[in-house]
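The primary structure of each chain is shown beneath.
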Amino acid sequence: MTDSPSFLEVRNLKKHFPPRKIILQNNTAPVRAVDGISFTLKEGETLGLVGESGCGKSTAARTLLRLEIPTSGSVHFKGKNLASLSETELRNQRKEMQMIFQDPFSSINPRRKISDVLREPFVIHGFKENISEAVVKLLDQVGLSSDYVNRYSHEMSGGQLQRVGIARAIALNPTLVVADEPVSALDVSIQAQIINLMMDLREKLGIAFLFISHDMSIVEYFCDRVAVMYLGKIVEIASSEEIYKRPAHPYTEALINAVPGIESGQQKQKLKVRGDIPDPSSPPQGCSFHTRCPLKEKQCEEMEPNLKEVASGHYVACLLKEG
Amino acid sequence: MSQIELDVRNLKVFFSTPQGNFLAVNGINFQLHRGETLALVGESGCGKTVSALSILRLLPEPPAKITSGEIIFAGRNLLSLNAKQMREIRGKEIAMIFQDPMTSLNPVLTVGQQVIETLLRHKSLNKKEALKISAQLLGKVELPSPEEKLKQFPHQLSGGMRQRVMIAMALACEPKILIADEPTTALDVLIQAQILELLENLKNETGMSMLLITHDLGVVTEIAERVMVMYAGEGLETGSTKDLLDSPHHPYTKGLISSRPHLGSTREKGQRLTEISGSVPSPHQRPTGCAFHPRCDWSTEQCKTQKPLLQTPNQNRQFSCHLQPGSI
């Protein structure tokens, strides 16, 4: 690793949850939700984090923002180690790191007016003047008229409310926004509106995005680079153009193949994956994907692969791609 | 033309709620042919699930009320049958699987107890025979170690396995029609691919017809032969899947297709997705004229006042719009 401080640098980040104590059961293994991930993000860049539910992508994002205390590893944001910051310093730093949540109905307080929801970031961070003007400007930026200030969340549609969620995230001019499945709760015709809005804001404000999604086609469309997670680990990371054209990990290939396509006619050679994602409290030995991998070899059951560079900027953790 | 298994004619479903009364389904028509898969596609609130539940008469009355229409199955109008006659059809002739297998399985009964229920109700079997058939059914839906699974509870299974159990239950009496309401929406993409493949195989094996309800046009292309696009309780466009997706005649169909990024489509820098403006209308405030006109790029004065008639450009295609086919 170089000494020059990059925008965001995540090194060997781990988050293990302690096991639930069940009476008369010896369940002592912790759930390894995030098990040593490393990546960097440049200013203004968008990284997609994909994987099935339970692969640890949301925990990774929450741990990165220190909404969860990491078990080990470090996160450097603009050269500062987030783990070493005090509560006050961290709160100050959070102005620059914001989050957009999946379900706007559960992430926006139903008892408060939209104006109050959008005033909160300013109030928390000690702004006193011109807050009302700022709120109206924010609404305008996300394509809502100022009439919405007196509404409550139940008076709005999912798409409109997600716009409020985005407005709240950009209120304090963050440089990093973590978007956790921002469109998956929305109707198909509304998803495009929200994706377009985020693309416009990204261009206008130069925000770097960590975009968490299970939707491979939206990730290809929205992201510069893509990291694929499986059982708490990154198994492949590359530019989005490269990873969709030349997926190197069998899991990535299966994910891309499994997207039901409108492009009829083209029958892809499908790599099929059987079974379910294993229990993250007892991940398989060797390569954690070997239990489902259609290309599995003997060595995969014994040796654990590490991320290796197979092309410029394209890293993959698969024994079959080594040597 | 193959034989018509199910014929839904001018179905209207009315709801009375404290917030007011509205028509959730406003006169839809479709035919399901023997052995085919027909997809009802639309966004939330468009009436696709209500239509499906009406077929099995599973809507709670009140608040719902089927105010007009006919649903013809095997020469009988399902809407005129009494409760006892309906019970003979549900599960035996027409079966259904639901979106969320976690909430549609009973958490305090074992898988076995739930699968044999349908068998015991409709076939003269004893419990032992029913359990034996249940194990075969679980094997048929490709669940590993079926005998063991029969003794397990739903919480011990993963989402994909639970959906397989639901499918096994639905297929227990070899129904003529399977209604699948968003069968893969709650599942991960890899599991979704497995379940879709399973449904397709089972359909080909048994020769049943399938009515698939979904919001995902991708899923439609994978397994449906024909599709009906619904909006605000009405069928806007019906046709064979490939034809309809290649050359949509209705602006809403076109909007749905192009608002999704397609895998492999080369993204040019800064290129925006085509969006459908506005949002889905509340059922309480259905727009006048064509229900889609406030969101339609082609809308004219006529669209605001006059409800478009159904056009039939060829025998496989119907759409309801004031525009001529091919003008979008």
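Residues numbered from 1 in each chain as written. Chains lettered and ligands numbered in written order. Predicted model: local features only at pLDDT ≥ 70, side-chain atom pairs only at ≥ 80, totals over all residues. Heavy atoms only, no water.

### Comments concerning the pattern of salt bridges
In total, this model carries 34 salt bridges over all chains according to the counting rule given. Between Arg-286 of chain B and Glu-234 of chain B there is a salt bridge whose closest N-O contact spans 2.5 Å. Placement of the pair is Arg-286 of chain B in the loop between α11 (251-258) and α12 (301-305) and Glu-234 of chain B in strand β10 (residues 234-240), with a sequence separation of 52 residues. With relative accessibility at 30%, the residue Arg-286 of chain B sits in the partly exposed group. Classification of Glu-234 of chain B as buried rests on a relative accessible area of 8%. Note that Asp-243 of chain B and Arg-317 of chain B form a salt bridge whose closest N and O atoms lie 3.3 Å from each other. Taken together, the residues span a long stretch of sequence, with Asp-243 of chain B in helix α10 (residues 241-246) and Arg-317 of chain B in strand β12 (residues 317-320) at a distance of 74 residues. Arg-317 of chain B gets classed as buried once you look at its relative accessible area, which sits at 1%. Salt bridges sharing common partners tie together Arg-32, Asp-35, Lys-233 and Glu-304 of chain A. (Salt bridge = Lys/Arg side-chain N within 4 Å of Asp/Glu carboxyl O. Helix = DSSP H or I, 4+ residues; strand = E, 2+ residues; numbered from the N terminus. Buried < 20%, exposed > 50% of the residue type's maximum accessible area, 1.4 Å probe, protein only.)

### Let's talk about the nonpolar core
Across soluble globular proteins, nonpolar side chains show a tendency to be buried alongside one another. Counting 69 residues, the largest nonpolar core has Ile-195 and Phe-211 of chain A as the members making the most contacts within it. When residues of this core are assigned to their parent elements, the largest contribution, eight residues, is made by helix α7 (residues 188-205) of chain A. Apart from the residues lying within four places of it in its own chain, the contact partners of Phe-211 of chain A are Thr-46, Leu-47, Gly-48, Leu-49, Ala-179, Pro-182, Ile-195, Met-198, Ile-218, Val-219, Phe-222 and Cys-223 of chain A. In this structure, Leu-196, Leu-198, Leu-256 and Ala-291 of chain B belong to the second largest nonpolar core, which totals 57 residues. (Core = buried A, V, L, I, M, F, W, Y, C linked by side-chain atoms within 4.5 Å. Contact = heavy atoms within 4.5 Å.)

### Focus on the interface of chain A and chain B
Every contact between the two is made by 45 residues of chain A and, on the other side, 45 residues of chain B. Around 3700 Å² of area is buried between chain A and chain B when both sides are counted, 52% of it from carbon and sulfur atoms. Residue Asp-215 of chain A pairs with Arg-260 of chain B through a salt bridge whose shortest N-O separation is 3.1 Å. For the pair chain A and chain B, the number of links is 17 residue pairs in polar contact (both at pLDDT 80 or more). When residues of the side of chain A that touches chain B are traced back to their parent elements, those giving at least two are α7, α8 (216-222), α9 (240-245) and α10 (250-257) of chain A. No other element matches the twelve residues that α7 of chain A contributes to the side of chain A that touches chain B. Among the residues forming the side of chain A that touches chain B, the class breakdown is 20 nonpolar, eleven polar and 14 charged. (Buried area = accessible area lost by both parts, 1.4 Å probe. Polar contact = N/O pair within 3.5 Å; in protein donor to acceptor, adjacent residues only side chain to side chain. Nonpolar A, V, L, I, M, F, W, Y, C, P; charged D, E, K, R; others polar.)

### Looking at unusual backbone geometry
Across the junction of Glu-61 of chain B and Pro-62 of chain B, the peptide omega takes the value -15 degrees, indicating a cis bond. Mapped onto the fold, Pro-62 of chain B is located in the loop between α1 (48-55) and β4 (64-73). Looking along the chain, the bond that leaves Pro-62 of chain B and enters Pro-63 of chain B is cis, with omega of 10 degrees. Phi is positive for Leu-231 of chain A, close to 50 degrees, though the residue is something other than glycine. By the element assignment, Leu-231 of chain A lies in the loop between β9 (225-230) and β10 (233-239). Even without glycine at this site, Ala-232 of chain B takes up a positive phi of about 50 degrees. Within the secondary structure, Ala-232 of chain B sits in the loop between β9 (226-231) and β10.

### A short note on the packing of aromatic side chains
Under the defined criterion, the tally for this structure stands at eleven aromatic pairs over all chains. Cation over ring: Arg-202 of chain A sits above Phe-222 of chain A, and NZ or CZ is 4.3 Å from the ring centre. (Phe/Tyr/Trp six-rings, centres within 6.5 Å; stacked < 30°, edge-to-face > 60°. Lys NZ or Arg CZ within 6 Å of the ring centre and 35° of its normal.)

### Concerning the sheet that holds strand β7 (residues 177-181) of chain B
Backbone hydrogen bonds are what pair the strands of a sheet, in a parallel or an antiparallel way. Residue and element names in this part refer to chain B. Across the sheet, which stays open at both edges, the eight strands sit in the order β6-β7-β8-β3-β9-β10-β12-β11 with mixed pairing between neighbours. Each having just a single partner strand, β6 (94-97) and β11 (310-314) make up the two edges of the open sheet. Shown here is a sheet whose adjacent strand axes are inclined to one another by a mean of 20 degrees, direction ignored. Two strands pair when backbone bridges link them, and strand β3 (residues 37-41) and β9 are joined in this way by four bridges, in the parallel orientation. From the neighbouring strand, Ala-39 faces β9, where its bridge partner is Val-227. (Pairing = 2+ DSSP bridges. Axes fitted to C-alpha atoms, helices over the stretch in contact; angles between N-to-C directions.)

### Considerations on the side chain of Ser-74 of chain A
Residue and element names in this part refer to chain A. Within the secondary structure, Ser-74 sits in strand β4 (residues 72-77). In this structure Ser-74 comes out as buried when scored by relative accessible area, which is 14%. When sequence neighbours within four positions are dropped, the list of residues in contact with Ser-74 reads Glu-9, Val-10, Arg-11 and Asn-81.

### Notes on the confidence of the model for chain B
For chain B, the mean per-residue pLDDT works out to 88, and 98% of the residues sit at or above 70. Both confidence scores are given for the complex: pTM 0.86, ipTM 0.81. (pLDDT = per-residue confidence, 0-100.)

### Focus on the sheet that holds β10 of chain A
Residues and elements named next belong to chain A. Strand order across the open sheet formed by eight strands is β6-β7-β8-β3-β9-β10-β12-β11, with mixed pairing between neighbours. Looking at which strands have only one partner, the edges of the open sheet turn out to be β6 (97-100) and β11 (308-311). Each adjacent strand pair in this sheet contributes to an overall mean axis angle of 20 degrees, direction not counted. As judged from the five bridges shared by strand β3 (residues 46-50) and strand β8 (residues 208-213), these two strands associate in the parallel manner. The partner of Leu-49 across the bridge, within β8, is Ile-212. Strands in contact with α7 are β3, β6 and β8; relative to β8, the strand with the most contacts, it is inclined by about 160 degrees.

### Some points on α10 of chain A
Most of α10 of chain A sits inside the fold, with seven of its eight residues counted as buried. Turning to α10 of chain A, its buried residues are Pro-250, Tyr-251, Thr-252, Ala-254, Leu-255, Ile-256 and Asn-257 of chain A. In this structure, the buried residues of α10 of chain A make contact with α8, β9, β10 and α9 of chain A together with α8 (189-206) of chain B.

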